[in-house]
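A structural walkthrough
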Amino acid sequence: MTLQEITSSAHNFEECMKCTVCTAYCPVVPVNPRYPGPKQAGPDGERLRLKHPYFFDEALKYCLNCKRCEVACPSGVKVADIIQSARLKYSRSKPKLRDRILASTDLMGSLASPFAPVVNPVLGLGVTKSVMDGLMGIDKRRTFPKYASKTFEAWFRKNAKAAQPAFQRSVAYFHGCYVNYNFPDLGKDFVRVMNALGYGVRLLDKEQCCGVAMISNGMASAARKHASHNEKVLAKAASEGLKILTTSSTCTFTMRDEYGELLGIDTASYRDSLLMATRFIFSLVDSGTATLVFKPDYKARIAYHTPCHLEKLGWGVFSTSLLKMIPGVEFTMLGSNCCGIAGTYGFKKENYEASQAIGKPLFDEIRAVAPDFVACDCETCKWQIEMSAGIPVKNPVSILAEALDLEKTAQANR
């Protein structure tokens, strides 16, 4: 290994001081003996891989890319990025048909939504699950998210778009695949809350899936194509002075950080403009720029789960602070645990047992707290918690939409 190779490392692996704290915090190591752990898979392995690709270990596929190793690292080594970059560069395992289907969220959503009344029941049938388990390796115990019959974009064009130019201030909204194809109600709640705060909402021009599932399934070329498209779309909105808000922690993290670290896409044109909606709303309230007026009779026992990628961003405090502002809320902060699903990871037959074992401490804590519902900023965490803990999960933006007196809030912000 040359000095130039060491000093030019994009993910600073030579800063690793071999303390193994990353391995201690890794949720995969205790449940899957086939995974070598982040220290060995990351910095240690990179030294060998730079000498020869022969040293790449396909067991790196068991990494969740949850980033908990990076949060824990005292030296700031981008351990998970080292692992994911190695997978994209060196893996000889090609994505299976299953992997391509799970990662093609825009395509599958556009095909399924028009036939949602048929698709949803069929996906829930035991025989369908057994067939997918046997032929594709999608575990039959996994519950699929339901598709909406009408996309969020279609609802917005028909019911909300015409009213948005009336607002003097505007924000752009990256809604993502989940809101568009699976749960438009979250997007509707976002529009209602932003309008009540005095902001019009603009949708981005032909946004595409953030590509996180493509990255995790080794589809680097497709992910880079999506990222390049979104970079242009996001840069255009940022150049117009718009804040670009999201309601998904993973979409946000992927577009802010993973595009640059893993795909080589320059994000400088929009990175500082791309924010979680809860961070933006909190900043308005905290600065006195906006006022929230809550319903006096709203009551709820809420437990908050911090998604791993939001913990990496360090932005969970904005969601929790907003929830604590609601007078009728009994708030519980759940412990820092990974739910185990990691997007498409927990759908795969070979990962299902590990996925559930990783999430068990979280599921047990939720059941012990017994809240009315869990608050969470990640859609895949929602799927995992609802399936495995049996407790409803709501996005903080939807909770605000329920708890606010929207009419009085709108009056206060005129």
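None of the values given here were measured: they were computed from a predicted structure.

All right, on to the sheet that holds strand β1 (residues 169-174) then. With parallel pairing, the 4 strands of this open sheet are ordered in space as β2-β1-β3-β4. Two strands in the sheet have a free side with no partner beyond their single neighbour: β2 (199-203) and β4 (274-276). Here the strands of the sheet are splayed against their neighbours by 40° on average, with no regard to which way each runs. The pairing of strand β3 (residues 244-246) with β4 spans 3 bridges and is parallel. Directly across from Leu245, in β4, lies its bridge partner Leu275.

Next up on the list: the confidence of the model for the protein. Across the protein, pLDDT averages 94, with 97% of residues at or above 70. Across residues 1-9, confidence stays below pLDDT 50; counting only partners more than four residues off in sequence or on other chains, it has 7 contacts.

Bringing the nonpolar core into the picture now. Among the nonpolar cores identified, the biggest contains 80 residues, and Phe190, Met194, Leu197 and Ile326 are the most heavily contacted of them. Contact partners of Phe190, with chain neighbours within four places excluded, come to Val171, Tyr173, Val201, Leu245, Thr247, Ala277 and Val397. In this structure, Cys63, Leu64, Cys66 and Val79 belong to the second largest nonpolar core, which totals 27 residues.

As summarised here, the arrangement of the 4 strands in space is β6-β5-β7-β8, forming an open sheet in which the pairing is parallel. The open sheet has two free edges, formed respectively by β6 (329-333) and β8 (393-394), since each of these has just one partner strand. Bridge count between strand β7 (residues 373-375) and β8: 2 bridges; the pairing is parallel. Within β8, the residue paired with Val374 across the bridge is Val393.

What follows is about the pattern of salt bridges. Counted under the stated rule, the structure contains 27 salt bridges. Measuring nitrogen to oxygen at the nearest pair gives 2.7 Å for the salt bridge that ties Lys360 to Asp364. A residue pair is termed a helical-turn pair when its members lie 3 or 4 positions apart in one helix, as Lys360 and Asp364 do in helix α19 (residues 352-369) at 4 residues. Note on Asp364: relative accessible area 32%, which makes it partly exposed. Taken together, the shared-partner salt bridges connect Glu14, Lys18, Lys39, Asp44 and Arg47 into one network.

You can see Thr128 is positioned in helix α9 (residues 126-136). Along the backbone, Thr128 and Lys94 are 34 residues apart, and their C-alpha atoms lie at a distance of 25 Å. At 2.7 Å, the side chain of Thr128 and the backbone oxygen of Val122 are in polar contact.

With that settled, the discussion passes to the packing of aromatic side chains. What characterises a pair of aromatic rings is the spacing of the ring centres plus the angle enclosed by the ring planes. Here the structure, examined in full by the defined rule, presents 12 aromatic pairs. Each ring, one from Tyr199 and one from Phe280, has its centre 5.4 Å from the other, and the planes form 85°; the classification is edge-to-face. Here Phe280 lies in helix α16 (residues 277-286) and Tyr199 lies in strand β2, a separation of 81 residues in the sequence. You'll find Tyr199 and Phe280 in the same group, each marked buried. Through a chain of ring-to-ring contacts, the aromatic side chains of Phe144, Tyr178, Phe183, Phe347 and Trp383 assemble into a single cluster. The ring of Phe347 carries the charged tip of Arg142 above its face, separated from the ring centre by 5.2 Å. In this structure, Lys394 packs its charged tip against the face of Phe373, placed 4.2 Å from the ring centre.

For the rest of this paragraph, the subject is the environment of Glu407. Checked against the element boundaries, Glu407 lands in helix α22 (residues 406-412). On the basis of relative accessibility, which here comes to 59%, the residue Glu407 falls in the exposed class. Put simply, Glu407 and Val293 are 114 residues apart on the chain and 8.8 Å apart in space, counted from C-alpha to C-alpha.

Contact pair helix α8 (residues 116-124) / α9: the axes reach a minimum separation of 5 Å and the direction vectors enclose 70°. One way to sum up the angle between α8 and α9 is to call them roughly perpendicular. Residues Val122, Leu123 and Gly124 of α8 form the contact with α9, whose own contacting residues are Gly126, Thr128, Lys129 and Met132. When its residues are assigned to classes, the contact of α8 with α9 shows 3 nonpolar, 3 polar and 1 charged.

With respect to the helices and strands, the residue Arg256 is situated in helix α15 (residues 249-263). No salt bridge is formed by the buried Arg256, whose closest oppositely charged neighbour, Asp257, lies at an N-O distance of 4.7 Å. Apart from residues lying up to four places away in sequence, Arg256 is in contact with Thr267, Arg271, Asp272, Leu274, Leu313 and Trp315.

Another aspect to go through is unusual backbone geometry. Of note in this structure, Lys18 is not a glycine but carries a positive phi near 60°. For Lys18, a relative accessible area of 46% translates into the label partly exposed. The phi dihedral of Asn65 falls on the positive side, at around 60°, and the residue is not glycine. By the element assignment, Asn65 lies in the loop between α3 (38-51) and α4 (68-72).

Conventions we followed
Residues numbered from 1 in each chain as written. Predicted model: local features only at pLDDT ≥ 70, side-chain atom pairs only at ≥ 80, totals over all residues. Heavy atoms only, no water. Pairing = 2+ DSSP bridges. Helix = DSSP H or I, 4+ residues; strand = E, 2+ residues; numbered from the N terminus. Axes fitted to C-alpha atoms, helices over the stretch in contact; angles between N-to-C directions. pLDDT = per-residue confidence, 0-100. Contact = heavy atoms within 4.5 Å. Core = buried A, V, L, I, M, F, W, Y, C linked by side-chain atoms within 4.5 Å. Buried < 20%, exposed > 50% of the residue type's maximum accessible area, 1.4 Å probe, protein only. Salt bridge = Lys/Arg side-chain N within 4 Å of Asp/Glu carboxyl O. Polar contact = N/O pair within 3.5 Å; in protein donor to acceptor, adjacent residues only side chain to side chain. Phe/Tyr/Trp six-rings, centres within 6.5 Å; stacked < 30°, edge-to-face > 60°. Lys NZ or Arg CZ within 6 Å of the ring centre and 35° of its normal. Parallel < 35°, antiparallel > 145°, perpendicular 65-115°, else oblique. Nonpolar A, V, L, I, M, F, W, Y, C, P; charged D, E, K, R; others polar. Lys, Arg positive; Asp, Glu negative; His and termini not counted.

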